[in-house]
Every structure is written in structure tokens, then in C-alpha cells.
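Report on the structure
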Amino acid sequence: LFDAVELAPADPILGLTEAYNADTNPNKVNLGVGVYLDEQGKLPLLECVHIAEQRLAEASKPKAYLPIDGMPAYRDAVRELVFGADSSALADKRVVTVESLGGTGALKVGADLLKQMNPSATVLLSDPSWENHRALFNRAGFRVDTYRYYDAEAKGIDFEGMLADLRLADAGTIVVLHACCHNPTGYDLVAEQWDQVIEVLRERNLVPFLDMAYQGFGFGLERDGAVVGRFVEAGLEFFLSTSFSKSLSLYGERIGSLSIVTADEDAAKRTLSQVKICIRTNYSNPATHGAAIVATVLADPELRATWERELGGMRERIKQLRTGLVQRLEARGITDMGFIAEQIGMFSYSGLTKAQMVELREKHGVYGTDTGRMCVAALNDGNLDTVADAIAAVR
Ligand code: LMR
């Protein structure tokens, strides 16, 4: 039965964690996966989450099934967080929001629905994009192509190229856009550029799919999420995936959301009925615990304030780590990597080649993706010198 089953390559991101775990180098550093680690190199349990979990444990409940679309209190809290309590789209009841298994689960459910709605559509990703975007949309049955995004020479965005490529897209093309903290490059569009992109999406009748996995890691929850309001104001129909993996350090809880902004309440009702079939035939209904944590934190003003403080702490520390790395590289004679301090979010797109990344890994135990992406959020005072030495050695 399995004779024809081929051995697949390791996942380009999570496969690095497997290799890192198997590495016996005592100085190894995992900058592969996008995970924030604290100064001790440990995954933090946020205080707001800890308190929420204590409350949940005290009010321990039987483990009933959740509705197919998730926990109502969670869905309401997420919608308010993402769209704003006074969003006209929410008031018009034209937004569908379902609980999802992390951001990836939201993307997959959205992709399945889109495939049903328009089987021959093409998906356009930024070049480059999160490694799993291509695999996920391919797996959902789509042809996947790219629009220009990163300008390696200029260390920034090839905005004219991006607009030109979007202008050439056929009506109905699905365009995946990173709402903030672009993964992997760390370069985001500014407000005026978003407006121009929105104009092209509208003119060309394209289908935007905003992926927002890092809200709060750029400039704060509100500013990072502002693009969602821009899309609503522009009157676009669009898909939006979000995740609390990073922002609440809830990686293993697999808790995220998919929202679909439709034209009116009737369209929302019909769309929700189809999304529920996508969920039911994949995993029936989502899990309780992560949703309960998020709903508890977001509903309690004190816990919410604690969260924003903790999120701000992670954000600011990442900025310091960026500067710390740049300074250490400069001390080793590398003066052309100052852009690391300008990039936004958890990652640095280092510009190192695949050969250099392999050497970093194999000779120095420093793990980043083959594309040159490094997770700055996993640096600390104890490993910054190791990483800077290793980069200096491979350059
Ligand atoms: C990443 O880009 O490293 C994260 O989003 C984790 C993942 O699932 O790939």
C-alpha cells in the first residue's frame, strides 16, 4: 500500500526545530520558527494568561462540544478587537467570524471556502511570503503565483512592482496580504500605500485575504490593525485571518480566527452556513481552552491592560535585540546590516544566502530558514554574541 509513498522534505520552518532539537551543540540557537522567547531563552507564560487560567480552573466546567463556529464569547471579543467596537461592518451584521485552529487553521478554512466559491481562481502571494502560504493554498487546490514585494537591493518594498503586478491580475484572483509585520521581510506598507493597493483591489475586482498573525508586534494593537478598518471603510469584501499564538504567547493552544466581510447581512448568513460545512468536515468544531483564555483576558479591563503592557514589553524588547545585533555585527566589522534595526515584527530578512544559512546551521548551530530569515525574537543577551560571531564567520 505504501510502496509509492515518497519521503517528503522536512518543513522549511518547523523542520528546523526538529533539526535543532536533535543538535548536540551546546551553543545552538534556534532562530528558525517565529516564537518569542524571554531574556532567559524561555517561552513566556504571560501573566494575563496565567490569571485567566487560574480563574478558569476555579470555575472548572464539563467539556461540552463548542458550536461549529466556536465559542460565542470568544468570537464577539475577537471581532471587537479586530474591527473595533464601533465598526460599521459589525453594526450592519455583515461580518462572519469563526474561531479557528490558529492562523493557519483560519487560512485553510478560508482557502477551502474560496475553492468552493471560485475553483479556477489563482492565488497571489507576496514575493517572498510565509513559507506555508504557498503550500497551504496549493494543497487547497489553487494555482499559486506571486506579486513583487521585496526589493533586495533597496532593502525595502518594490511598491511600483507590486502595484503593477496586481493591476495585471484577473478579476477574482485571491491576493494574500500581510496586515502587519510582514513575514519574512519585516517591511510593511505605509497608510498611503495601503490606500493605493485598496484602489487596485477594488478596480480589478480582486479578492483580498489579509493575514494578521503579528498584531501588536509592530507599533501596537491599534496601529498594526488599522489596515482592517481601511478595508472596511473602502467597502471591500475580504477575508481576514488572525492568531493569538504570538500576541498572547498561546502557540500550543492553536487559537485564531477567520473573519469574512461580506456585502450585507444576508450574504453573511449564507457565507457562514458554508464556512460551517468547511469546519465540520475538517475537524467538526474547535477546542475550548484557548478560546476561554482569550475571552477571559479580553473581557476583563484589568487583564486586557496587563496584556497590552506585556505585549508592549515583548515589542520593545525585540527592538532592543535588533539594535543589539546590529551593534555586535558592527563591532565585528559588518557595517552593512543596519537594516535589521529598521525591520518590523519578529523577523529579520538578513540577506544571507542559502549556502550561508546552511553553514550557520551546520558549523555554528545557529538555525534560520534557508531564505535568510532569522527570528530576532529568540535572541537574548546570552546568545547575541554567538549569533554575531557566527554571522561574521559565514560572511
Ligand atoms: C513562522 O513563520 O515561523 C511561524 O508562523 C510559525 C509557523 O507555523 O511557521
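Computed from a predicted model, the values in this text were never measured in an experiment.

1. Looking at the overall build of the chain
Secondary structure summary: the chain contains 14 helices and 13 strands in total. Compactness check: the chain gives a C-alpha radius of gyration of 21 Å against a globular reference of 21 Å for 395 residues, within 12% of the reference. When its C-alpha atoms are laid out on the principal axes, the chain stretches across 60 × 55 × 55 Å. The 395 residues of the chain split such that 46% are buried. For the chain, the proportion of contacts with a sequence separation of at least 24, taken over those separated by at least 6, is 75%.

2. As for the packing of helix α13 (residues 354–364) against helix α14 (residues 384–394)
The relative placement of two packed helices is expressed as an angle between their axes plus a distance between the axes. For the pair α13 and α14, the least separation of the axes is 10 Å and the interaxial angle reads 125°. Considering their axes alone, α13 and α14 lie oblique with respect to each other. Considering only the axes of α13 and α14, their crossing is right-handed. Along the contact surface, α13 presents Gln356, Glu359, Leu360 and His364, while α14 presents Ala390, Ala393 and Val394. The residue inventory of the contact of α13 with α14, partitioned by class, reads 4 nonpolar, 2 polar and 1 charged.

3. Description of the UniProt feature "domain: Aminotransferase class I/classII large" (unreviewed entry) in the chain
Feature annotation in UniProt assigns "domain: Aminotransferase class I/classII large" (unreviewed entry) to the following positions: residues 27–391. Taken end to end, residues 27–391 comprises 45% helix and 16% strand; its first and last C-alpha atoms sit 14 Å apart.

4. Some details on the site of the ligand
Close to the ligand lie Ile13, Val33, Gly34, Trp130, Asn132, Asn183 and Ala213, which account for all nearby residues. In the shell around the ligand, the residues fall into 4 nonpolar, 3 polar and no charged.

5. Structural notes on the nonpolar core
Val175, Leu210, Val294, Val297, Met346 and Val376 are the most contacted members of the largest nonpolar core, which has 113 residues in total. Among the elements that take part in this core, helix α12 (residues 301–331) stands out by supplying 9 residues, more than any other. When residues of this core are assigned to domains, at least three fall in each of domain 1 (14–45 + 303–394) and domain 2 (65–287). With residues near it in sequence (within four places) discarded, valine 294 still touches Tyr74, Ala77, Phe244, Leu248 and Ile255.

6. Regarding the pairing of strand β3 (residues 122–127)
Bridge count between β3 and strand β4 (residues 143–148): 6 bridges; the pairing is parallel. Considered in β4, the bridge of serine 126 is made with tyrosine 147. Considered for its hand, the β-α-β crossover made up of β3, helix α6 (residues 131–139) and β4 is right-handed. Looking at chain direction, β3 and strand β7 (residues 174–178) are connected through 2 bridges and run parallel. Bridging from a neighbouring strand, leucine 124 pairs with valine 175 of β7.

7. Some remarks on the pairing of strand β8 (residues 207–212)
Burial within β8 is extensive, with 6 of its 6 residues counted as buried. Residue alternation in β8 divides its side chains into two sets, Val207, Phe209 and Asp211 and Pro208, Leu210 and Met212, and both sets are buried. For the handedness criterion, the β-α-β arrangement of β7, helix α8 (residues 191–203) and β8 is classed as right-handed. In terms of strand pairing, β8 meets strand β9 (residues 238–243) through 4 bridges, oriented parallel. Opposite leucine 210, over in β9, you have leucine 240 as the bridge partner. For the segment spanning β8, helix α9 (residues 221–233) and β9, crossover handedness is right-handed.

8. A look at unusual backbone geometry
Residues aspartate 127 and proline 128 are joined by a peptide bond in cis, for which omega reads 5°. For proline 128, the position within the fold is in the loop between β3 and α6. Cis rather than trans, the peptide bond between asparagine 183 and proline 184 has omega equal to 25°. In this structure, proline 184 sits in the loop between β7 and α8. For serine 249, which is not glycine, the phi torsion reads 50° and is therefore positive. Residue placement: serine 249 occurs in the loop between β9 and β10 (255–261).

9. A look at the sheet that holds strand β2 (residues 95–101)
The mixed open sheet is built from 7 strands, whose spatial order is β2-β10-β9-β8-β7-β3-β4. Here the strands that pair on one side only, and so sit at the sheet edges, are β2 and β4. Along the sheet, successive strands turn relative to each other by an average axial angle of 25°, direction set aside.

10. Considering the domain arrangement of the chain
On domain assignment, one finds that the chain holds domain 1 (14–45 + 303–394) and domain 2 (65–287). The distance between the C-alpha centroids of domain 1 and domain 2 comes to 27 Å. Tallying the contact residues gives 23 residues for domain 1 and 22 residues for domain 2. Breaking the side of domain 1 that touches domain 2 down by element, the ones donating at least two residues are α12 and β11 (347–349). Among the residues making up the side of domain 1 that touches domain 2, the classes are represented as 13 nonpolar, 7 polar and 3 charged.

Calculation notes
- Residues numbered from 1 in each chain as written.
- Predicted model: local features only at pLDDT ≥ 70, side-chain atom pairs only at ≥ 80, totals over all residues.
- Helix = DSSP H or I, 4+ residues; strand = E, 2+ residues; numbered from the N terminus.
- Rg over C-alpha atoms; globule rule 2.2 N^0.38 Å.
- Buried ≥ 20, exposed ≤ 12 C-beta atoms within 10 Å, placed from the backbone.
- Contact = placed C-beta atoms within 7 Å.
- Axes fitted to C-alpha atoms, helices over the stretch in contact; angles between N-to-C directions.
- Parallel < 35°, antiparallel > 145°, perpendicular 65-115°, else oblique.
- Left-handed = near helix turned anticlockwise from the far one by under 90°.
- Nonpolar A, V, L, I, M, F, W, Y, C, P; charged D, E, K, R; others polar.
- UniProt positions renumbered as here; feature names shortened; annotations may be inferred.
- Near = placed C-beta within 6 Å.
- Core = buried A, V, L, I, M, F, W, Y, C linked by C-beta atoms within 7 Å.
- Domains from an automatic or database assignment.
- Pairing = 2+ DSSP bridges.
- Right-handed = clockwise from strand over helix to strand, strands pointing away.

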